[in-house]
Amino acid sequence: MDKLVNTLLLASKKKSNVGLLFLDLDNFKIINDTLGHKAGDELLCEVANRLISVSKESDIIARWGGDEFVIMMQEEVTDHQLKYRSQQVLDAMRKPVTLNNQSLTIPTSIGVSLSNNQEIDAEKLIQQADIAMYCAKDKGRDNAQFFTSSMANTVNTKFELDKEIKEALSSDQFYLVFQPKVFMTKDNILGLEALIRWQHPIKGFILPSDFIPVAEESRLIIKIDEWVITQALKQLFEWRQQGVDIVPVAINLSGRHLVSDSLVPFISEWLKFYNLEGHFLEIEITEGVLLHDIERCIEVMRDLKALNIQISVDDFGTGYSSLSYLKRLPLDVLKIDQSFVEECASHAEDAKICGTILNLAQNLDLTAVAEGVETSQQVDTLKSLGCQIFQGYYFYKPMPSEVITRLLSDSNIHAYHKP
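First things first, this report covers the structure right here in the doc. (Residues numbered from 1 in each chain as written. Predicted model: local features only at pLDDT ≥ 70, side-chain atom pairs only at ≥ 80, totals over all residues. Heavy atoms only, no water.)

### Section: the overall build of the chain
When you go through the chain residue by residue, the secondary structure sums to 16 helices and 17 strands. Once the C-alpha set of the chain is aligned to its principal axes, its extents read approximately 85 × 50 × 45 Å. Classification of the 419 residues of the chain by burial places 50% in the buried group. Across the chain, the centroid of the 41 positively charged side chains sits 3 Å from that of the 59 negatively charged ones. (Helix = DSSP H or I, 4+ residues; strand = E, 2+ residues; numbered from the N terminus. Buried < 20%, exposed > 50% of the residue type's maximum accessible area, 1.4 Å probe, protein only. Lys, Arg positive; Asp, Glu negative; His and termini not counted. Charge placed at Lys NZ, Arg CZ, Asp CG, Glu CD.)

### Looking at the environment of Ser-268
Mapped onto the elements, Ser-268 comes out in helix α10 (residues 263–273). Residue Ser-268 is classed as buried on the basis of its relative accessible area, which comes to 17%.

### A closer look at the side chain of Ser-401
Residue placement: Ser-401 occurs in helix α16 (residues 401–409). The exposure class assigned to Ser-401 is buried, which follows from its relative accessible area of 18%. Not counting the four nearest positions on each side in its chain, Ser-401 is found in contact with Phe-178, Gln-235 and Trp-239. (Contact = heavy atoms within 4.5 Å.)

### Focus on the environment of Leu-8
Mapped onto the fold, Leu-8 is located in helix α1 (residues 2–14). Judged by its relative accessible area of 9%, Leu-8 is buried. Separated by 107 residues in the primary sequence, Leu-8 and Ser-115 place their C-alpha atoms 8.0 Å from one another. Excluding anything up to four places from it in sequence, Leu-8 contacts Val-18, Ser-115, Ile-120, Asp-121, Ala-122 and Leu-125.

### Considering the side chain of His-200
Within the fold, His-200 resides in strand β9 (residues 188–200). What makes His-200 buried here is its relative accessible area of 9%. Within the local environment of His-200, its side chain forms a polar contact with the side chain of Glu-164, the two groups lying 3.4 Å apart. Of note is the side chain of His-200, whose polar atom sits 3.0 Å from the backbone nitrogen of Ile-202. Residues contacting His-200, with those up to four places away along its chain left out, are Glu-164, Gln-173 and Ile-206. (Polar contact = N/O pair within 3.5 Å; in protein donor to acceptor, adjacent residues only side chain to side chain.)

### Some remarks on the pairing of strand β12 (residues 281–286)
The buried count for β12 comes to five of six residues, which makes it a mostly enclosed element. Here β12 pairs with strand β13 (residues 310–316) via five bridges, running parallel. Each bridged residue has a counterpart across the sheet, and for Ile-285 the counterpart in β13 is Val-313. (Pairing = 2+ DSSP bridges.)

### Comments concerning a nonpolar patch on the surface
On the surface, Met-1, Val-5, Leu-9 and Trp-64 cluster together into a nonpolar patch covering about 380 Å² of accessible area. Relative to the helices and strands, Val-5 resides in helix α1. On the basis of relative accessible area, Val-5 is assigned to the partly exposed category, the value being 38%. (Patch = residues over 30% accessible without salt bridge, like charges linked within 9 Å, V, L, I, M, F, W, Y side chains within 5 Å. Areas by Shrake-Rupley, 256 points an atom, 1.4 Å probe, with all protein chains shown as cover. Salt bridge = Lys/Arg side-chain N within 4 Å of Asp/Glu carboxyl O.)

### A few points about the sheet that holds strand β7 (residues 144–146)
An order of β2-β3-β1-β6-β7 is seen for the five strands of this open sheet, with the pairing classed as mixed. The sheet is open, and its two borders are formed by β2 (60–65) and β7, each paired with just one other strand. The mean inter-strand angle of the sheet, taken between neighbouring strand axes irrespective of direction, is 20°. As paired elements, β2 and strand β3 (residues 68–73) share five bridges and run antiparallel to each other. Across the sheet, Arg-63 pairs through a bridge with Phe-69, a residue of β3. (Axes fitted to C-alpha atoms, helices over the stretch in contact; angles between N-to-C directions.)

### Re the packing of aromatic side chains
Considering all chains together, one arrives at 13 aromatic pairs under this definition. When the centroid spacing of 5.0 Å and the interplanar angle of 65° are considered together, the rings of Trp-270 and Phe-273 count as edge-to-face. Of this pair, Trp-270 and Phe-273 both sit in helix α10, three residues apart, which is roughly one turn of that helix. Of the residues examined, Phe-273 reaches a relative accessible area of 57% and is grouped as exposed. Through pairs of rings, three or more aromatic residues link up here, namely Phe-237, Phe-266, Trp-270, Phe-273 and Tyr-274. (Phe/Tyr/Trp six-rings, centres within 6.5 Å; stacked < 30°, edge-to-face > 60°.)

### Things to note about the nonpolar core
Within the largest apolar cluster, 85 residues are counted, with the highest numbers of intra-cluster contacts made by Ile-165, Leu-258 and Leu-304. Aside from chain neighbours lying at most four places away, what touches Ile-165 is Phe-174, Trp-198, Phe-211, Val-214, Ala-215, Leu-220 and Ile-224. Of all hydrophobic cores here, the second largest spans 27 residues; its members include Ile-31, Val-54, Met-93 and Val-97. (Core = buried A, V, L, I, M, F, W, Y, C linked by side-chain atoms within 4.5 Å.)

### Details of the pattern of salt bridges
All chains considered together, the criterion is met by 21 salt bridges. A salt bridge links Asp-332 to Lys-305, with the nearest nitrogen and oxygen atoms 2.7 Å apart. Placement of Asp-332 in the loop between α12 (323–326) and β14 (333–336) and of Lys-305 in helix α11 (residues 294–306) is noted, with a sequence separation of 27 residues between them. The shortest N-O distance in the salt bridge between Glu-371 and Lys-335 comes to 3.6 Å. Linking Glu-371 in strand β15 (residues 367–371) with Lys-335 in strand β14, this pair joins segments that are 36 residues apart in sequence. For the pair formed by Glu-371 and Lys-335, the shared burial category is buried. Residues participating in the shared-partner salt-bridge network are Asp-24, Asp-26, Lys-137 and Arg-141.

### Here's the deal with the packing of helix α5 (residues 122–138) against helix α6 (residues 149–170)
Between α5 and α6, whose axes approach to 10 Å, the crossing angle comes to 80°. Of the possible angle classes, the one that applies to α5 and α6 is roughly perpendicular. Facing Ile-131, Ala-132, Cys-135 and Asp-138 of α5, the residues of α6 in contact are Met-151, Ala-152, Val-155 and Lys-158. Here the residues of the contact of α5 with α6 are counted per class, giving six nonpolar, no polar and two charged. (Parallel < 35°, antiparallel > 145°, perpendicular 65-115°, else oblique. Nonpolar A, V, L, I, M, F, W, Y, C, P; charged D, E, K, R; others polar.)

Keep in mind these numbers describe shape, not what the thing actually does.
Shown next as structure tokens:
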């Protein structure tokens, strides 16, 4: 920081530029967790050596903390030079490194900022590079992004939304709707999926796709998950008190929450509080969650299974989970992603994918659910492929709890309990 402060002062007098590259190692936590901290330390040293190899003597290279590094360029700094140096760093980091006899790559996200003959202090320049780095992560990682003013606006918007989510959690702005899953026909309701909704007092309805990704970037997503779990269990308790024949409720869970130490004790505590059996709760995770810390995922899933909780993989077929992992995971349900269901009646390739997932589920003794079903043609095609359980607008849209109460109390509707 001292070097940067002094260099910026000198650059201001000379009317020259200072450039920063802010680096974050994308897989460092996974390597630390799976191979141990000694391997993590070796990796940091290797990164340092690679950064030295692509830098000039006049550059300043620092480990900023954790898995973050900063490179300061102070001689003949231009957009072109910064772009060239960023590419050098990316190329250097993409070369495999051997740790604990395993060959690994170190994909890196880089944020770039330039003083650009402006009066700018050191902290501001670093903040701009940091913001650009997070933009690089949002764009898929393993790339470099230059700071722009629009990025700052995006960060400010996220910051405001972050505060509003906290306020929403404490002031009953969130509510749940429930979408039924059916066995063969809409008369046989097999279960429900709890979906969070947000009615903002000023902005009105805010889509989950607008606020969940922001919450995912912090521990706020755990608070949201916990709110959904408690509200869903409370609703099951109230339905039972009303004499309604209840069915399991599925809850979407973030990957961050799944591998946390707090999840299993939290669920266990609230199941006891509402005197509910574990089989009335189903945890849904996305396939991409399984890419990170698979051993920890298996450990937590086994603890959930010990509570008799069902576990399903949502959006199956869109991720990259290994079949070798799949056979080890204590799963109950595979949900065929809507992107395959959507055109299964009109495109042979999508029908084949749906059929393959259905066969895979059967061979692994798992239940398969087709989600996003919207037409009778889709239903007919999926049934011909052996699918028996469906979820989607063709049968039911997500509905408030009072509508579900009437639905489950209807003498023509059966709460279908699997034999």
